[in-house]
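An overview of the molecular structure
Listed here are the chains, written in short residue letters.
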Amino acid sequence: MGSWRRRRVAGAALPGRAAGAGAVAVVAVVALVGGAPAAGAGTVSGHCARLDRVAVPGAEHQVKACLDDLTTAGTTVSGHTDPSDWAGLHPPGAVNPKGVPGIQIDGYFPDSSTFNTTHGWNHDSQFVLRLPDRWNGGLVVAGTPGNREQYANDFTISDWALAKGYAYAVTDKGNVGVTFYRDGRRPGDAIAEWNHRVTQVALAAKAVVAQRYGRLPERTYAAGISNGGYLVRWQLENRARLYDGGIDWEGTLWRVKGDNLVNFLPPALRAYPKGDTQAMYDAGFARGSEFLWPFHHQYYWDLTQRVYREELDPSFDGETEAGTPFCASGTPACDADYDYDARKPYAAVRKIGLTGRIGKPLITIHGTLDTLLPISRSGDVYAEMVGGQRPFRYYRITDGTHVDSLHAAYPDRIRPLLPCFRSAFEAMESWVERGQSPPPSATLPRPSGGDLSNECQLTM
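Everything in this summary refers to the structure shown in the same document. (Residues numbered from 1 in each chain as written. Predicted model: local features only at pLDDT ≥ 70, side-chain atom pairs only at ≥ 80, totals over all residues. Heavy atoms only, no water.)

Our next topic: the sheet that holds strand β10 (residues 219–225). A sheet is described by the order of its strands in space; here 10 strands give the open sequence β5-β6-β7-β9-β8-β10-β11-β12-β13-β14, paired in mixed fashion. Since the sheet does not close on itself, it has two edges, and those belong to β5 (61–67) and β14 (442–444), each with one partner. Direction aside, the axes of adjacent strands within the sheet are offset by 15° on average. Where strand β13 (residues 392–397) and β14 come together, 3 bridges link them in parallel fashion. (Pairing = 2+ DSSP bridges. Helix = DSSP H or I, 4+ residues; strand = E, 2+ residues; numbered from the N terminus. Axes fitted to C-alpha atoms, helices over the stretch in contact; angles between N-to-C directions.)

In structure tokens:
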């Protein structure tokens, strides 16, 4: 699904640096001009073969490494990942593959912001490309969840994809951290840049794959968690020709009118401190999720609401009720009284809004106990936007919540989503590569037994 042709750009060169190397030349760039894939030389055998030939088009800086293990089991030791970046995103007991040798390229594209301090570079738009020695002909492209840096998907997505033989590419989205909204000249610019950076790394990765293996990828999948899931949706709506399919794990919902992130969190910030349980339900928070409310009130709701409202509507200056600390932070300007429908920051949201008009197959998974992005106000709504005429499957995972690490605290009440994401990925492979339709969209019950950290069936 999708067609590609390679185009050489005469005279192009990159001011990049690799280990022990100076400037490197661009040897190819992917162009979305149609036509059949050029005949390739097939997979190149040998550990880190063609290491000297790979160079990321458009990169300002890049460092190449030949590694005995590209998975977190190896990169944690070699220093080619940051465990703090992926901490808390997977359940305890999750089993990951290891022992995948190949090439890793770390670097950054030109950018004016400096929030990402990884490697001491103090430069945003950092990326990671991983090229396994044993390649299956595919590529997985990702953006990071939350406001994390480029290693955030290493345990949840990269390890597993590499072990299956995929090349893997990820971007930090161009601005990271809880002050990401300071980037960009106008409201909405910072999040809009996220989408641009995913497109950028996808194009660059296709070119690098061709350099390394002698041919372009036969199939490319977008994958992501939370904000990364939003990026998958946006790419399949707006850059579908780059991909063959996508897997969206509880993606954030942005649209100009109707449900979105900044119109269901303020009611929770108002209702929870008052003990108004009915108002919490009315805001979309699921019955049965009450035990998760204290944690999310303390750590997530206020911070999440404020940073995204700062990005989309920075002129707002809310006020708390006298003596009532609506927000966990206790800040003078509190977003508990923010009213999206009254404020109408439509111009900013229009830059990042979703439509549901996906151009390639998409599978979404979302937990019924998600207490940051309530399923009734997020996943359910996006499924309705996509409708029944497009290639889409939606699996509502009973007892799943937004962060799998909470399974450790509530093993009898929380179901991890990581194994369901992996089952969804395999279903996408069968859908795209063998024409086998995935099971129908459904609400999947929690199994009565089994290894929930490592097993998930997409059937009733």
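We now examine the pairing of β5. The element β5 is largely enclosed, with a buried count of 5 among its 7 residues. Bridging between β5 and strand β6 (residues 102–108) involves 7 bridges; their strand directions are antiparallel. From the neighbouring strand, Ala65 faces β6, where its bridge partner is Gln104. (Buried < 20%, exposed > 50% of the residue type's maximum accessible area, 1.4 Å probe, protein only.)

Bringing the environment of Phe115 into the picture now. One can find Phe115 in the loop between β6 and β7 (126–132). For Phe115 and Val176, which are 61 residues apart along the polypeptide, the C-alpha to C-alpha distance reads 5.9 Å. Aside from chain neighbours lying at most four places away, what touches Phe115 is Asp124, Asn175, Val176, Thr179, Phe180, Arg182 and Asp183. (Contact = heavy atoms within 4.5 Å.)

As a further point, take the packing of helix α4 (residues 189–213) against helix α5 (residues 227–238). The geometry of α4 relative to α5 is characterised by a closest axis approach of 10 Å and an angle of 70° between their N-to-C directions. If you check the angle between α4 and α5, you find them roughly perpendicular. As for the relative orientation of α4 and α5, their crossing is right-handed in sense. Together, Ile191, Trp194, Asn195, Val198 and Thr199 of α4 and Asn227, Tyr230, Leu231, Trp234 and Gln235 of α5 make up the contact between the two elements. Looking at the contact of α4 with α5, its residues break down into 6 nonpolar, 4 polar and no charged. (Parallel < 35°, antiparallel > 145°, perpendicular 65-115°, else oblique. Left-handed = near helix turned anticlockwise from the far one by under 90°. Nonpolar A, V, L, I, M, F, W, Y, C, P; charged D, E, K, R; others polar.)

Where helix α3 (residues 154–163) contacts helix α13 (residues 418–434), the two axes come as close as 11 Å, and the packing angle between them is 35°. Seen from above, α3 lies across α13 with right-handed handedness. The segment α3 lies against α13, with Phe155, Thr156, Ile157 and Trp160 engaging Leu418, Phe421, Arg422, Phe425 and Glu426. Looking at the contact of α3 with α13 residue by residue, the classes come out as 6 nonpolar, 1 polar and 2 charged.

Moving on, we get to the nonpolar core. Val56, Leu129, Trp254, Trp301 and Tyr308 are the most contacted members of the largest nonpolar core, which totals 76 residues. Looking at this core element by element, the count peaks at 11 residues for α4. Apart from the residues lying within four places of it in its own chain, the contact partners of Trp301 are Leu265, Ala268, Leu269, Tyr272, Met280, Phe285, Trp293, His296, Thr371 and Leu372. Judged by nonpolar contacts, the second largest core, of 41 residues, contains Ile247, Cys420, Phe421 and Val432. (Core = buried A, V, L, I, M, F, W, Y, C linked by side-chain atoms within 4.5 Å.)

Here we take up the environment of Leu216. Mapping Leu216 onto the fold places it in the loop between α4 and β10. Here the alpha-carbon distance between Leu216 and Gly138, two residues 78 residues apart in the chain, equals 8.8 Å.

Attention shifts here to the packing of aromatic side chains. The full count for this structure, using the stated rule, is 24 aromatic pairs. The interplanar angle of 85° and the centroid separation of 6.5 Å between the aromatic rings of Trp194 and Tyr308 together place this pair among those described as edge-to-face. With Trp194 in helix α4 and Tyr308 in helix α9 (residues 301–312), this pair connects stretches of sequence that are 114 residues apart. Looking at Tyr308, the relative accessible area reads 4%, which means it is buried. Through a chain of ring-to-ring contacts, the aromatic side chains of Phe180, Tyr181, Trp194, Trp254 and Tyr308 assemble into a single cluster. Taking the ring centre of Trp194 as reference, the NZ or CZ of Lys173 above it sits at 4.8 Å. Residue placement shows Arg393 over the ring face of Trp431; its charged tip is 5.1 Å from the ring centre. (Phe/Tyr/Trp six-rings, centres within 6.5 Å; stacked < 30°, edge-to-face > 60°. Lys NZ or Arg CZ within 6 Å of the ring centre and 35° of its normal.)

Attention shifts here to the side chain of Glu237. For Glu237, the position within the fold is in helix α5. The contacts of Glu237, once residues within four sequence positions are left out, are Gly353, Leu354, Thr355, Gly356, Arg357, Ile358 and Tyr382.

A few words now on α5. For an α-helix, 3.6 residues make a turn, and residues three or four places apart therefore share a direction. Taking 1.5 Å of rise per residue, 12 residues should cover 16 Å, and α5 covers 16 Å from first to last C-alpha, within 8% of that figure. In terms of burial, α5 is a largely internal element, 11 of the 12 residues being buried. Inspection of α5 places Asn227, Gly228, Gly229, Tyr230, Leu231, Val232, Arg233, Trp234, Gln235, Leu236 and Glu237 among the buried residues, and these make up the whole buried set. (Expected span 1.5 Å × (residues − 1).)

This part is about the side chain of Thr364. By the element assignment, Thr364 lies in strand β12 (residues 362–367). A polar side-chain atom of Thr364 sits 2.6 Å from a polar atom in the side chain of Asp248. For Thr364, the contacting residues outside a window of four places in its chain are Arg233, Asp248, Phe392, Arg393, Tyr394 and Tyr395. (Polar contact = N/O pair within 3.5 Å; in protein donor to acceptor, adjacent residues only side chain to side chain.)

Burial analysis of β10 places 7 of its 7 residues in the buried class, the great majority of the element. Neither face of β10 is exposed, since Arg219, Tyr221, Ala223 and Ile225 on one face and Thr220, Ala222 and Gly224 on the opposite face are all buried. As defined by bridge partners, strand β8 (residues 138–143) adjoins β10 across 5 bridges and the pair is classed as parallel. If you follow Ala142 over to β10, its bridge partner there is Ala223. Inspection of the sheet shows β10 paired to strand β11 (residues 245–249) by 5 bridges, in the parallel sense. Within β11, the residue paired with Ala223 across the bridge is Ile247. Following the backbone out of β10, through α5 and into the adjacent parallel β11, one traces a crossover that is right-handed. (Right-handed = clockwise from strand over helix to strand, strands pointing away.)

What follows concerns the environment of Pro145. When you line up the elements, Pro145 lands in the loop between β8 and α3. Residues Pro145 and Trp249, spaced 104 residues apart in sequence, show a C-alpha to C-alpha distance of 9.9 Å.

Here the focus is unusual backbone geometry. Unlike most non-glycine residues, Cys48 shows phi in positive territory, near 60°. Following the sequence through the fold, Cys48 ends up in the loop between β4 (29–31) and β5. Overall, the relative accessible area of 7% leaves Cys48 in the buried class. Although it is not a glycine, Ser125 sits at a positive phi angle of roughly 65°. Note that Ser125 resides in the loop between β6 and β7.

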